[in-house]
Every structure is written in C-alpha cells, then in structure tokens.
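Chains, contacts and geometry: an overview
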Amino acid sequence: MMNKPLVEHNKISALTGTRVLQLIDSLEAGGAERVAINFANALVGEVEGSFLCATRAEGLLKSSINSDVGYLYINKTKTIDFKAIRRLHRFVKDHHITIIHAHSTSYFLATIIKVLKPKLKLVWHDHYGKSEFLEQRPKGVLKICSYFFNHVFSVNSKLETWAKQYLKAKSVSYLPNFAIKNKIASTTNLKGEPGKRIVCLANLRPQKDHLNLLQAFKDVLKTHPDWTLHLVGQDFKDAYSKSVFKFINTNQLEYNVFVYGSCPDTSAILSQCTIGVLSSKSEGLPLALLEYGLAGLPVITTDVGDCNLVVSNRQEGLLIPSNNSLALEKALLEFITNPEKAKLASSTLHHKVELQFSEASAIKTIKAIYQSILV
C-alpha cells in the first residue's frame with residue numbers, strides 16, 4: 001500500500017508524461033539508499049511524477065523522503081514473493097509509471113515487472129562497493145536480467161567498463177554520485193572535545209576496513225591523546241562488527257573511539273567534526289566522501305574506486321594507499337598538526353564538490369537518459 005499521499009504537480013515538467021519509480025531494497029542508512037532518495041526528491045517537479053519503493057525493509061532514511069514523492073513499501077520477504085510482485089505491479093499500473101530506476105540488487109524484481117509490462121523502461125543503477133574485486137562478482141542472473149535493461153548507470157569508471165564488457169544492456173554510462181545536506185534536525189551529540197573530532201561515515205562492513213583506521217588512530221593518540229574518533233554507520237552485529245569492538249576494548253580505546261550506529265542526521269553530525277576519513281579497501285564513488293566535502297571537512301581517503309576523482313591532488317585532500325595504517329597515521333597527523341593546510345584543503349574540496357558533483361548536474365544527465373530511452 002502507499003504510505004504517503006501522492007501529490008500531483010501543476011507545474012509543467014521538462015519531461016511531460018514521464019513518471020519515474022526509484023526502486024531500492026531498504027531505507028537503511030547506506031550510500032545506495034541515500035542516492036535513491038536523493039533522486040526521488042530531486043525529480044519532483046522535473047518529471048510528471050516521482051515515486052520511490054522500498055522492497056525489503058524500511059529504515060532511518062524514510063523520514064528523508066519528500067512529501068511530494070509517491071511512496072510504497074511492499075515488504076518483500078523472499079526472492080520470488082508473489083504477493084510483493086503483485087503489489088508493485090499494481091502500483092506501476094495504477095500510477096502509470098513509465099520508467100523504473102532500480103538500484104543495486106533490486107534489478108531482479110524490476111526485471112520481473114518489466115516482463116509483465118513490456119512497454120515499461122528499465123534503468124539499472126550499479127552501486128557495487130567492491131569495485132577492486134570485480135573478478136569475484138557473481139554475474140549469472142545479472143547478465144540474464146541485463147537483456148531487459150534500457151540503460152545502466154555505473155557509479156565509477158571501473159563499473160562502467162565491467163558493465164560494457166559483461167552485460168547486455170542497450171547502453172551504459174558513468175554517473176557520479178552527488179551529495180546534499182539533509183535537513184533532519186540534530187539528534188546526535190558527539191562526545192569528545194570540539195575541534196578535535198575525526199569522523200568515519202561508513203557502515204561496519206569488511207571493505208570499509210575500520211581496523212586499519214583504528215590501528216592508525218591508536219598510534220595518533222600517542223602524541224595527541226585528546227583527539228577522538230567517531231564511527232557512524234550501521235552495525236550488522238556480525239563477526240566483523242565484533243572484531244571492531246574487540247580491537248577498541250583490547251587496546252583500551254573506549255574513551256577516544258565512539259560507535260554510534262546508523263544515524264539519520266548525518267549533516268548535523270558532520271558539522272560537529274574536524275576531519276573526515278575513509279579507510280576502505282574497496283569503493284565505488286563513496287557518497288560519504290562527497291558529504292565530507294559538502295560539509296567543509298578536510299578529507300583523508302584511500303585510493304580505491306573513484307576516490308581519486310574527488311581528491312585528485314593534495315590541495316583537495318590526502319589520498320593514501322589502502323591497507324596501510326602507517327600512511328593513514330601520517331595523513332591524520334599532517335592535518336592535526338597543520339590546521340591551516342587542513343582548512344585550505346576543506347575549502348578547495350568544498351568548491352569542487354559543489355561544482356562537479358552537484359544535484360543539478362546529475363539530474364540534467366538523468367533526464368537526458370530518460371528522454372532518450374522513451375523515444
């Protein structure tokens with residue numbers, strides 16, 4: 001059923017007759033989820049109707065959905081869930097959806113709907129976060145489904161190349177993520193001393209390599225014991241999560257490292273921080289990196305995925321090798337001991353993110369693709 005009322009727009013849209021549904025598995029606080037919501041919100045007034053469907057779970061990000069976005073939750077509980085399929089198919093039919101824009105693994109359900117409604121156009125958005133390990137990526141079902149894709153958006157250049165090589169979609173293009181400041185009121189008050197907080201906005205997953213960051217930060221504390229590290233992201237309560245907490249406890253970091261779990265008020269959190277860091281082993285084009293830039297934080301990131309397109313020189317931030325705690329420690333100390341350098345890097349990156357990774361630029365590209373596949 002629809003959980004929010006659909007509001008029709010009197011404004012004449014640039015894409016009259018185009019009604020787009022963003023399809024995403026959940027509304028937990030992850031990068032792909034935030035992108036799907038950003039697109040749904042930004043397309044209000046740009047197309048005749050903007051919609052969003054969460055298939056498997058709702059979550060913290062539900063409150064970020066614009067009230068003018070038609071919203072549906074279908075509670076899909078298994079791979080082939082006939083009840084969920086019927087709900088989505090009826091919604092698509094009743095609201096005259098013309099394009100499904102499926103994010104990440106929701107492509108399978110989107111393909112089923114496309115088979116049931118052949119005139120529907122299907123766009124797949126690939127947010128795969130392990131772009132350094134694409135040779136291990138399962139592709140059997142995805143390759144079959146890709147015959148039905150009218151277009152594929154890839155969040156970095158490696159994924160674009162992979163899609164062109166292995167998938168059967170009609171067209172593929174690279175589309176960088178864009179960040180926006182969310183307007184959710186601040187509910188998270190960070191611990192530690194203002195002006196001495198390092199933040200890592202990343203779910204507790206192995207590819208984010210929090211252990212490398214913790215090791216580097218542990219060494220930083222030897223000379224700067226008043227600094228604190230703040231880990232913000234979903235805790236899956238698995239073996240990796242346990243290893244993170246074990247490291248914190250074993251090394252007696254409880255008074256300097258704080259874990260918050262998923263938080264909806266990310267912009268408010270970043271406004272309380274001093275340095276933004278990502279220590280990932282693998283990435284696409286991380287939304288967190290753009291959010292750091294938009295928040296005006298100096299950034300340290302590993303050179304994985306397309307992070308080097310965001311931080312391309314030392315005036316924009318510090319780009320370091322992955323899985324290297326010594327390099328990460330040195331980078332942290334460089335910004336801690338050189339606040340003017342940190343301030344310049346934050347200003348430069350902020351300007352770049354606003355110019356090159358803007359909502360306006362991304363929506364212009366998306367609308368052009370939508371228009372091309374509807375012809």
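Residues numbered from 1 in each chain as written. Predicted model: local features only at pLDDT ≥ 70, side-chain atom pairs only at ≥ 80, totals over all residues. Heavy atoms only, no water.

With that out of the way, let us pick up the nonpolar core. Formed by 76 residues in total, the largest nonpolar core has its most connected members in Ile198, Tyr292 and Ile300. In this structure Tyr292 touches Val199, Cys200, Leu201, Leu270, Gly276, Val277, Leu278, Leu297 and Val299, once residues within four positions along its chain are discounted. Counting residues in hydrophobic clusters, the runner-up holds 33 residues, among them Leu21, Phe91, Leu134 and Phe149. (Core = buried A, V, L, I, M, F, W, Y, C linked by side-chain atoms within 4.5 Å. Buried < 20%, exposed > 50% of the residue type's maximum accessible area, 1.4 Å probe, protein only. Contact = heavy atoms within 4.5 Å.)

Another aspect to go through is helix α5 (residues 157–166). What α5 keeps buried is the set Leu159, Glu160, Trp162 and Ala163. Seen from one end, α5 has its buried residues packed into an arc of 165 degrees, which puts them on one side. Across from the buried face of α5, at angles greater than 90 degrees, the exposed residues are Thr161, Lys164 and Gln165. Those residues of α5 that are buried lie in contact with β6 (121–126), α4 (140–145), β7 (151–154) and β8 (172–174). Backbone nitrogen of Lys158 and a side-chain oxygen of the N-cap are separated by 3.1 Å at the start of α5; the cap is Asn156. (Helix = DSSP H or I, 4+ residues; strand = E, 2+ residues; numbered from the N terminus. Arc of directions from axis to C-beta. Polar contact = N/O pair within 3.5 Å; in protein donor to acceptor, adjacent residues only side chain to side chain.)

On to the layout of surface pockets, then. By volume, the largest pocket is sized at about 1,100 Å³. Together, 45 residues line the largest pocket, and Ala32, Ser104, His127, Gly129 and Arg205 are the ones closest to its centre. Looking at the lining of the largest pocket, the elements with two or more residues in it are β2 (15–26), α1 (31–42), β6 and α9 (287–295). Of the residues forming the lining of the largest pocket, the biggest block, 4 residues, is contributed by α1. When its residues are assigned to classes, the lining of the largest pocket shows 18 nonpolar, 17 polar and 10 charged. The space that makes up the second largest pocket amounts to roughly 400 Å³. Around the second largest pocket, the lining is made up of 24 residues, and of these Asn38, Asn41, Ser64, Ile180 and Asn182 lie nearest the centre. Put simply, the parts of the chain that give the lining of the second largest pocket at least two residues each are α1, α8 (266–270) and α9. At 5 residues, α1 tops the list of elements feeding residues into the lining of the second largest pocket. Residues that form the lining of the second largest pocket fall into these classes: 11 nonpolar, 8 polar and 5 charged. (1 Å grid on protein atoms, 1.4 Å probe; cavity = no way out; pocket = protein on both sides within 12 Å on 5 of 7 lines; lining within 4 Å. Points joined across faces, edges and corners; volume = space filled by probe spheres on them. Nonpolar A, V, L, I, M, F, W, Y, C, P; charged D, E, K, R; others polar.)

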